[in-house]
2 protein chains.
Amino acid sequence: MVKITDVARHAGVSPSTVSYALSGKRPISEETRRRVEASIRALGYRPHAGARALASSKSNVLALVVPLRAGIHVPVVMQFAVSVVTTARAHDHDVLLLTQEEGEEGLSRVADTALVDALIVMDVQLDDPRLPLLRALERPSVLIGFPAEPTGLTCVDLDFRAAGELCVEHLAELGHRVVALVGSAPEVYVRRTAFAQRVVQGFTAAADRYRLSSAVHPCAASPAAARATAERLLREQPALTGVVVHNEPVLEPLVDAFEQLGLRVPEDLSVTAICPRELAESLRVPVTSVALPSAEIGARAVELLMGKLDGAAVDESTLLPARLTRRASTAPRKLP
Amino acid sequence: MVKITDVARHAGVSPSTVSYALSGKRPISEETRRRVEASIRALGYRPHAGARALASSKSNVLALVVPLRAGIHVPVVMQFAVSVVTTARAHDHDVLLLTQEEGEEGLSRVADTALVDALIVMDVQLDDPRLPLLRALERPSVLIGFPAEPTGLTCVDLDFRAAGELCVEHLAELGHRVVALVGSAPEVYVRRTAFAQRVVQGFTAAADRYRLSSAVHPCAASPAAARATAERLLREQPALTGVVVHNEPVLEPLVDAFEQLGLRVPEDLSVTAICPRELAESLRVPVTSVALPSAEIGARAVELLMGKLDGAAVDESTLLPARLTRRASTAPRKLP
DNA sequence: TTGAAAGCGCTAACAA
DNA sequence: TTGTTAGCGCTTTCAA
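As a convention, each chain's residues are numbered from 1 in the sequence order in which they are written. A letter from A marks each chain and a number from 1 marks each ligand, given out in the order of writing. Predicted model: local features are reported for residues with pLDDT of at least 70 only, side-chain atom pairs are reported and counted for 80 or more only, and whole-chain, interface and lining totals are derived from all residues. Heavy atoms throughout the structure, all of them, feed into the side-chain values; hydrogens and water do not.

## Considering the sheet that holds strand 10 (residues 288-291) of chain A
Residue and element names in this part refer to chain A.
Part 1: Two strands are counted as paired when DSSP detects at least two bridges linking them. The helix count covers DSSP runs of H or I at least four residues long, the strand count covers runs of E at least two residues long, and both are numbered beginning at the N terminus. The strand order across the open sheet built from six strands is 7-6-8-9-10-12, with neighbouring strands paired in mixed fashion. Each edge of the open sheet is held by one strand with a lone partner, namely strand 7 (213-217) and strand 12 (324-325).
Part 2: Two strands pair when backbone bridges link them, and strand 8 (residues 242-245) and strand 9 (residues 270-275) are joined in this way by four bridges, in the parallel orientation. Opposite Val-245, over in strand 9, you have Ala-273 as the bridge partner.
Part 3: Residues count as neighbours in contact if any of their non-hydrogen atoms are within 4.5 Å of one another. Helix axes use the C-alpha atoms of the stretch in contact, all axes being lines fitted to C-alpha atoms, and the angles between their N-to-C directions lie in the range 0 to 180 degrees. Packed onto the sheet, helix 8 (residues 160-173) meets strand 6 (178-182), strand 8, strand 9, strand 10 and strand 12 and runs at close to 165° relative to strand 9.
Part 4: Running over the sheet, helix 11 (residues 223-236) touches strand 6 and strand 7 and is turned about 155° from strand 7.

## Some words on helix 12 (residues 248-260) of chain B
Think of an α-helix as 3.6 residues a turn; residues three or four steps apart then line up on the same face.
Part 1: With a 1.4 Å probe rolled over the protein chains alone, any residue whose accessible area is under 20% of its type maximum counts as buried; one over 50% counts as exposed, and the rest are partly exposed. Taken residue by residue, helix 12 of chain B has Glu248(B), Val250(B), Leu251(B), Pro253(B), Leu254(B), Val255(B), Ala257(B) and Phe258(B) as its buried positions.
Part 2: One or two positions beyond helix 12 of chain B, positive phi appears at Gly262(B), with a value near 95°.

## Quick look at the protein's contact with DNA strand C
Part 1: If you check the shell around DNA strand C, you find 28 residues, and the closest are Thr17(A), Arg26(A), Thr32(A), Ile4(B) and Tyr45(B).
Part 2: One heavy atom within 4 Å of a molecule or strand makes the whole residue count as near it. What you see for DNA strand C is that sugar and phosphate hold 58% of its atoms within 4 Å of the protein.
Part 3: The definition of a polar contact used here is a pair of N or O atoms within 3.5 Å, where within protein one atom must be able to donate a hydrogen and the other to accept one, and adjacent residues in sequence count solely through side-chain atom pairs. Ser16(A) places a side-chain nitrogen or oxygen 3.2 Å from a base nitrogen of DNA strand C.
Part 4: Going through the elements one at a time, helix 2 (15-23) and helix 4 (49-56) of chain A together with helix 2 (15-23) and helix 4 (49-56) of chain B are the ones with two or more residues in the surface near DNA strand C.
Part 5: In this count, Pro and Cys sit with the nonpolar residues alongside Ala, Val, Leu, Ile, Met, Phe, Trp and Tyr, while Asp, Glu, Lys and Arg are called charged and the others, Gly among them, polar. Residue composition of the surface near DNA strand C, grouped by class: twelve nonpolar, ten polar and six charged.

## Here's the deal with the protein's contact with DNA strand D
Part 1: In the region of DNA strand D, 28 residues are neighbours, and Ile4(A), Tyr20(A), Thr17(B), Arg26(B) and Thr32(B) sit closest.
Part 2: In this structure, a phosphate oxygen belonging to DNA strand D sits 2.7 Å away from a side-chain N or O atom of Arg52(A).
Part 3: Here Ser16(B) contributes a side-chain N or O atom positioned 3.0 Å from a base oxygen of DNA strand D.
Part 4: Among the secondary structure elements, those contributing two or more residues to the surface near DNA strand D are helix 2 and helix 4 of chain A together with helix 2 and helix 4 of chain B.

## Some points on the sheet that holds strand 11 (residues 317-320) of chain A
Part 1: Read across the sheet, twelve strands follow the order 11(A)-5(A)-4(A)-3(A)-1(A)-2(A)-2(B)-1(B)-3(B)-4(B)-5(B)-11(B) without closing on themselves; strand pairing throughout is mixed. Since the sheet does not close on itself, it has two edges, and those belong to strand 11 of chain A together with strand 11 (317-320) of chain B, each with one partner. For this sheet, the mean angle separating the axes of adjacent strands, direction not counted, is 20°.

## Considering the packing of helix 1 (residues 4-11) of chain B against helix 3 (residues 30-43) of chain B
Each pair of packed helices can be summarised by the angle the axes make with each other and by the distance between the axes.
Residues and elements named next belong to chain B.
Part 1: Interhelical geometry of helix 1 versus helix 3 gives an angle of 125° and a closest axis separation of 9 Å. Here helix 1 is positioned oblique relative to helix 3, judged by the angle of their axes. You can see that helix 1 and helix 3 cross each other, and the crossing is right-handed. Along its contact with helix 1, which presents Asp-6, Val-7, His-10 and Ala-11, the element helix 3 presents Arg-35, Val-36, Ser-39, Ile-40, Ala-42 and Leu-43. With respect to orientation, any angle under 35 degrees is reported as roughly parallel, any angle over 145 as roughly antiparallel, any angle of 65 to 115 as roughly perpendicular, and every other angle as oblique. Handedness of a helix crossing follows the sense of rotation of the near helix relative to the far helix, less than a right angle counterclockwise being left-handed and clockwise being right-handed.

## Concerning the relation of the copies chain B and chain A
Each of the two chain copies goes to the other by way of a rotation about an axis and a shift along it.
Part 1: Here the copies are superposed with least squares, the fitted atoms being C-alpha atoms of residues at a pLDDT of at least 70 in both. With an axial shift of 0.1 Å and an RMSD of 0.1 Å, the rotation relating chain B to chain A amounts to 180°. Taken together, the rotation and translation describe the operation of a two-fold axis.

And the structure:
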């Protein structure tokens, strides 16, 4: 293995000069820098990560905790993960993958052993059991999602409450008076997952504000559940003309089910969704939607973390604004 | 930060005794072990990962390279990743996540800096550009998938060739004479992704052996493409009665498309798939399938790597046997 | 602008 | 069964 002393000897300088040439933490003459760089290339030198971590107390690794539970939409998780890795690499960091299963013990393990410098936690619940630990940890962390009590934590997410409101407002402005929210799987609510709760809050608040008749239906992530939900909606709210869907895997089967039940989208029923843009665009009838910007959220999480690692004061709360894009699935209510 | 010398002092032993008590690499008296463990707990000691890696030249971290390209089915990738992480943790290792994008440079970076002890590479192409590097690397690796020339590499995968054969054999034995393979997205074949190619080989070989009339159709991962493929199949092979689907996102829309075109499954058309078991079971008509055991493959990859890290001689090639499960989507051919 | 040298916290060879 | 000690390869302070 080539080490820093080998490079130093080859370049005719001291090891510290090589180190500084690499880190840029002190000025190096043009001439010396060139020699050092040439030697590094000639010898194929790569600094040893462990030695670096030991000497500098920085591992340049971030932990990413991904959820693996019922009701979460896997492609969205992957998009997050990829954007976290990509952004982290742009900041010269790597990403260690942890599963939710490892729980609090996993978090303290990687933090306390200095395996990672900082942590990103996904799928936060309103009353997440990991919060006290994250607050106490000596390493910075960023949550993707807002718990009920975010004080002392750094959180980033789409403004899901606004997303729920925007969908209802859009439907209300199109003249719809009876609306429903088809939400995530029941387990997601049982766990009090933050983002799901906030959509419900936004939906309900806006529906009340506009004096709409409204209902909320959790829905499991299967075509069968989608069909059952569609049937139930029509039974319980026969005058229904507006639906908000916050459940990716169910969006397409739900629209299909409505059409099979004789409701044309958007002629008889307007549908809006909160989901990744690509999904909304990919349906046979492109769906009016509030985009879920996974890549942006992941990138933002990493950047916040980099700020904290640099000792900067960063915003405790980053709510990415919800924006609604009109597509073919919504239309003014037909007058009876 | 609590360090090993603190623990040693607290327990009244030497640092090496603490180290050995932790690693079990030499016998420790019951009495001493108890004292050491008590001190570790009392002080909340956690060994510093970097210091460990430096002294032992083992980081206890594996690299996992995940694909992010068109035509790969994201949930399957996540299943792999999760099973790799879970299995790695069972062997006291962590997992560093790399994206395909980082390419060969990313592999040598994490290997040469000793950030990781070993690597797992997914989405291998028949003539993967990373193979020479992986062969030359001083650290062990395992490929998920078989390249054209696997000599000198350790590979694990489902026996996709056998999977393709099994599906055809099953159809042939049910009396079907005209069959088609609906494969992965065209890009996947352009890249010569190993598993997709092998399915085609198995499908074709078995069809020839049984003297079936057969055709292969790559298909993009969208409902629209599924529908177009269904129409094309019926146009080009009007006597078609058996279909093999090797394309997860397309399975359900394809079956729907066939039914809308007036073909009942399985009465008019028998459908088999190569896909995760859960997907095959979840359709309205459960699909006869060869299961893609992602979790098993991921676990096996980690175990092979652990063997190699322990200096064991492991099989160069691990082909998990393909097994076909009959479900409701296949039936004997109706006689005309 | 550069060099010398003291650690960073741990493991493992050597010695007892 | 245990202790002593020499590194592991790098960063960073101190000194020039």
